[in-house]
Structures are given as C-alpha cells and as structure tokens.
Amino acid sequence: MLALKALIFDVDGTLADTERDGHRVAFNRAFEEANLNWHWSVDLYGELLAVTGGKERIRHFLALHRPDFLQEQQQTGDLDGLIKNLHARKTFFYTQLLSEGAIPLRSGVKRLLDEAREQGVRLAIATTTTPANVTSLLESTLGKESIDWFEVIAAGDIVPEKKPAPDIYDYALQKMNLKAEECIAFEDSSNGIQSSLGANLKTIITQNHYTETHDFTGAAVVLDQLGEPDDACRCLAGDINGDTYVSMQTVKTLFGT
Ligand code: XBP
Ligand code: MG
C-alpha cells in the first residue's frame, strides 16, 4: 500500500460556498451590465450547475431558456464573442466580490490545510473555474502567500474537457508526478466525484445546499463539512470512526481503507 503524498482539492463548493452568493451574483451583474434581461435565481442556478464551466453554463442556459436568442446569435451574431465577453465581466465581478471578503472558507478547510502542510503532505487544486478566481479566493481568505502552498493549481480551460471528465485531475497528478493511489481528492458535487473517480482517486465528499441530492456513489465518505473541534461534522454515508471532525488522521484512515 502506497503512502498518502498529496491532497487535491476542488474549489467551488468544497473550499468555499462560492456558487449562490458569489458566481451566481457575478453572472447576474454581467447580464445586467449588458442590458440582457436574464436573471439567475437561486433555484434556476441550482439547475444550471448541472453544467460545469461558466461559459458552458451560459450556453446551456440559452439552449434551455432563450432558444430564440441562441438561434438568432448562431445565425447572424457572434455567439462565442458574446459569451466570452460576458464571462470576462462575470470574472471581474466575482473577483471583486471575493476581494471584498464576501465568501469565507468552509468549516475546517484552513485547519486541514495547515495540518497537511505541517506533516509535509503536498497540496494541489483541480477545478473547472477560471484561474483568477482561485487565486482571488485564496488571497482573500488565506493571504497572498497561500498561493504557494499549492504545488499545482489546475484550473479552467487548461484541459480539453471539464468535469465530469477526469482530465483536470489527471493533469494535476501528472504535474505532481504522483500516482492516483498516492493522493486523495476533496469534492462536493456529482460532476466533481465523477471526475475524481474517473482519475482513480479516493474521494472525500463535503456536500452543500446545492449538492445534497447528488449521487455520491463511490465516495470514501460523505460529510456535511470537514468541521472543527467545536463545530462537528455529520456523516451522511460511510463513517469516520467516531471522529467529530476531519483531521489528517481521519484522512489517513480513510485513505488506508
Ligand atoms: C465549478 C464550476 C465553475 C464555477 C464558475 O465546478 O462549474 O464553472 O461555477 O466558474 P467544480 P467559471 O466545483 O466542479 O470545479 O465561471 O470561472 O467557469
Ligand atoms: Mg465543486
């Protein structure tokens, strides 16, 4: 059995609850600024999350909810250009929200990162979001120097296929020169776990409001959060041997089972 060498984290929904009050709000600001009468409510956004990637999500929205607009743009407009510009503005609004401190890390994330670093366990990120969003989140929650805590930040369009394809995890593993059997992934969604399992990674799930009905078959454990000594986690599938929060010891025990 190989030793645990690295933790690989998803970002949105896993490190922080970014979707409802971050990405969603930023998309709406970009739509408003462009005088488009599109508004993504909390419920609608939950449905649109079926598709990963912001540009892909806008296209998915148009196909489902503005088919005439989509058709017209495809025939006579510059759909790719429109989506690219809207998405660039959305990234601007999102990183602005983060820099204002709008989104905190989830319970237990900072503690577990600190513990892993103390133990010399390597860290990486594998996400579909835009690279600028990751650095912005890390800087606003953990400080500028935290970017260097992560050996690889695999993000966005760097791979041909976004999650649920395994490409982004395969890319991170390749960059770290590690085997999947030496790492463990942290995810929050069914697209995320399909991606990590597709890369043969053992996966710990911390679900959230948007993902509580997702299928997490194959997860090492499904929790409501990593938790803290004074903020216990709940086990929703599998178990962590009576632990009340996820420490590196918990991760190592799950990794070995
Ligand atoms: C996250 C995403 C991202 C964000 C938006 O999924 O799907 O698209 O919602 O970011 P995961 P961008 O947590 O599975 O990586 O607009 O930058 O794509
Ligand atoms: Mg996620």
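Model, not experiment: these values are computed from the prediction.

What counts and what doesn't
- Residues numbered from 1 in each chain as written.
- Chains lettered and ligands numbered in written order.
- Predicted model: local features only at pLDDT ≥ 70, side-chain atom pairs only at ≥ 80, totals over all residues.
- Heavy atoms only, no water.
- Donors = N, O, S within 2.8 Å, 3.2 Å for Na, K, Ca; no water.
- Buried < 20%, exposed > 50% of the residue type's maximum accessible area, 1.4 Å probe, protein only.
- Domains from an automatic or database assignment.
- Contact = heavy atoms within 4.5 Å.
- Buried area = accessible area lost by both parts, 1.4 Å probe.
- Salt bridge = Lys/Arg side-chain N within 4 Å of Asp/Glu carboxyl O.
- Polar contact = N/O pair within 3.5 Å; in protein donor to acceptor, adjacent residues only side chain to side chain.
- Helix = DSSP H or I, 4+ residues; strand = E, 2+ residues; numbered from the N terminus.
- Near = heavy atom within 4 Å.
- Areas by Shrake-Rupley, 256 points an atom, 1.4 Å probe, with all protein chains shown as cover.
- Pairing = 2+ DSSP bridges.
- Core = buried A, V, L, I, M, F, W, Y, C linked by side-chain atoms within 4.5 Å.
- Disulfide = S-S within 2.5 Å.

Section: the coordination of the magnesium ion (ligand 2)
Okay, step 1: Taken together, the protein ligands of the magnesium ion (ligand 2) are D10 (OD), D12 (O) and D188 (OD), with distances of 2.1 to 2.2 Å.
Okay, step 2: Mapping the donors of the magnesium ion (ligand 2) onto the primary sequence yields the spacing D-x1-D-x175-D.
Okay, step 3: Residue classification places D10 among the buried positions, given a relative accessible area of 5%.
Okay, step 4: Overall, D12 belongs to the buried group, its relative accessible area being 11%.

Focus: the domain arrangement of the protein chain
Okay, step 1: Along its sequence, the protein chain is carved into domain 1 (6-17 + 104-255) and domain 2 (20-99).
Okay, step 2: For domain 1 and domain 2, the distance between their C-alpha centroids amounts to 26 Å.
Okay, step 3: Listed as interface residues are 14 residues of domain 1 and, on the opposing side, 19 residues of domain 2.
Okay, step 4: Of the roughly 1300 Å² buried at the junction of domain 1 and domain 2 (both faces included), carbon and sulfur atoms supply 49%.
Okay, step 5: Considering only the surface of domain 1 that becomes buried against domain 2, N133, K162 and Y210 emerge as the three largest contributors, covering 42% of it.
Okay, step 6: E56 is the partner of K162 in a salt bridge, and the nearest nitrogen-oxygen pair spans 3.1 Å.
Okay, step 7: One can count seven residue pairs in polar contact (both at pLDDT 80 or more) joining domain 1 with domain 2.
Okay, step 8: Top contributing element to the side of domain 1 that touches domain 2 by residue count: helix α7 (residues 131-142), with five residues.

Focus: the site of ligand 1
Okay, step 1: Close contacts around ligand 1 come from 18 residues, with G54, H87, K90, T129 and T130 the closest.
Okay, step 2: G54 places a polar main-chain atom, nitrogen or oxygen, 2.6 Å from an oxygen atom of ligand 1.
Okay, step 3: Here an oxygen atom of ligand 1 sits 3.0 Å away from a polar atom, N or O, in the main chain of T128.
Okay, step 4: Taking 440 Å² as the accessible area of ligand 1 by itself, protein coverage stands at 97%.

Topic: the pairing of strand β3 (residues 152-155)
Okay, step 1: Looking at chain direction, strand β2 (residues 122-127) and β3 are connected through four bridges and run parallel. Within β3, the position partnered with I125 by the bridge is I153.

Focus on the nonpolar core
Okay, step 1: L7, F9, L15, W40, I58, F186 and V251 are the most contacted members of the largest nonpolar core, which has 58 residues in total.
Okay, step 2: If one sorts the elements of this core by residue count, helix α5 (residues 79-99) sits on top with six residues.
Okay, step 3: Built from parts of two domains, this core gets at least three residues from each of domain 1 (6-17 + 104-255) and domain 2 (20-99).
Okay, step 4: Not counting the four nearest positions on each side in its chain, F9 is found in contact with L15, L112, L113, L123, A124, I125, A126 and F186.

A few points about the environment of T203
Okay, step 1: Examined against the element boundaries, T203 turns out to sit in strand β5 (residues 202-206).
Okay, step 2: Residues T203 and I8, 195 residues apart in the sequence, show an inter-C-alpha distance of 9.3 Å.
Okay, step 3: Aside from chain neighbours lying at most four places away, what touches T203 is I184, A185, E187, I193, S196, L197, A219, A220 and V221.
Okay, step 4: Polar contacts involving the side chain of T203 include one to the main-chain carbonyl oxygen of L201, which spans 2.9 Å.

As for the state of the cysteines
Okay, step 1: This structure, assessed with the given rule, holds zero disulfides.
Okay, step 2: Counting only cysteine sulfurs, C235 is the nearest neighbor of C233, a cysteine outside any disulfide, at a range of 6.0 Å.
Okay, step 3: The exposure class assigned to C233 is buried, which follows from its relative accessible area of 11%.

Focus on the pattern of salt bridges
Okay, step 1: Applying the stated criterion to the full structure yields 15 salt bridges.
Okay, step 2: Among the salt bridges present, the one from E33 reaches R89, with a minimum N-O distance of 2.7 Å. Highlighted residues: E33 in helix α1 (residues 19-33) and R89 in helix α5, separated in sequence by 56 residues.
Okay, step 3: Since its relative accessible area comes to 32%, R89 is described here as partly exposed.
Okay, step 4: Within this structure, K55, E56, D157 and K162 form a network of salt bridges that share partners.

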